[in-house]
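# Observations on the model geometry
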Amino acid sequence: STAREHVAIGVATDDSRDGYQPSLNDDPCEVAQANETLASVMAVIDGLRPMQAACVKASYLHGRDYADIAAELGISHEAVKQHVKRGLAAVREILV
């Protein structure tokens, strides 16, 4: 498989889908709302173009920097930046 396939597939199976992990002090209603919000955001991200979704997930969910993402995907730093920018704009447009 190519580096692009690896990142797109690997990022799509991240643990963030497990939702918010509550502490003993959290209000159950707030936990439920946080999980619903996370599920909504993840559904929107999953609907992005594949490279946008991979870059947004790698950057925001996994905390990777653009240089690492670019090296993994075999694209430029600027391309990663544009994929993230466009992906986040699409997420905002859909959710707001």
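Quantities reported herein were computed from a predicted structural model and do not represent experimental measurements.

## Quick notes on helix α5 (residues 77–95)
- An ideal rise of 1.5 Å per residue puts 27 Å on 19 residues; α5 measures up with 27 Å between its terminal C-alpha atoms.
- Listed as buried for α5 are Val-80, Val-84, Gly-87, Leu-88 and Val-91. Buried residues of α5, viewed axially, fall in a sector of 100 degrees; they line one side. Exposed side of α5, more than 90 degrees from the buried face: Lys-85, Arg-86 and Glu-93 are the residues found there.
- Of the surrounding elements, those touching the buried residues of α5 are α2 (28–46), α3 (50–61) and α4 (66–73).

## Quick word on a nonpolar patch on the surface
- On the surface, Ile-94, Leu-95 and Val-96 cluster together into a nonpolar patch covering about 340 Å² of accessible area.
- Structurally, Leu-95 can be placed in helix α5.

## Comments concerning the packing of α2 against α3
- Between α2 and α3, whose axes approach to 9 Å, the crossing angle comes to 140 degrees. As far as their axial angle goes, α3 and α2 are oblique. Taken together, the residues of α3 that come into contact with α2 (itself represented by Met-42, Ile-45 and Asp-46) are Ala-53, Val-56, Lys-57 and Leu-61.
- Residue composition of the contact of α2 with α3, by class: 5 nonpolar, no polar and 2 charged.

## So, the confidence of the model for the protein
- A residue-level look at the protein finds 75% of positions with pLDDT of 70 or above and a mean pLDDT of 82.
- Within the protein, no element has a lower average pLDDT than helix α1 (residues 3–12), which sits at 42, and none a higher one than α4, at 97.
- The low-confidence segment residues 1–17, where pLDDT is below 50, has 28 contacts with residues more than four positions distant or belonging to other chains.

Calculation rules
Residues numbered from 1 in each chain as written. Predicted model: local features only at pLDDT ≥ 70, side-chain atom pairs only at ≥ 80, totals over all residues. Heavy atoms only, no water. Helix = DSSP H or I, 4+ residues; strand = E, 2+ residues; numbered from the N terminus. Expected span 1.5 Å × (residues − 1). Buried < 20%, exposed > 50% of the residue type's maximum accessible area, 1.4 Å probe, protein only. Arc of directions from axis to C-beta. Contact = heavy atoms within 4.5 Å. Patch = residues over 30% accessible without salt bridge, like charges linked within 9 Å, V, L, I, M, F, W, Y side chains within 5 Å. Areas by Shrake-Rupley, 256 points an atom, 1.4 Å probe, with all protein chains shown as cover. Salt bridge = Lys/Arg side-chain N within 4 Å of Asp/Glu carboxyl O. Axes fitted to C-alpha atoms, helices over the stretch in contact; angles between N-to-C directions. Parallel < 35°, antiparallel > 145°, perpendicular 65-115°, else oblique. Nonpolar A, V, L, I, M, F, W, Y, C, P; charged D, E, K, R; others polar. pLDDT = per-residue confidence, 0-100.

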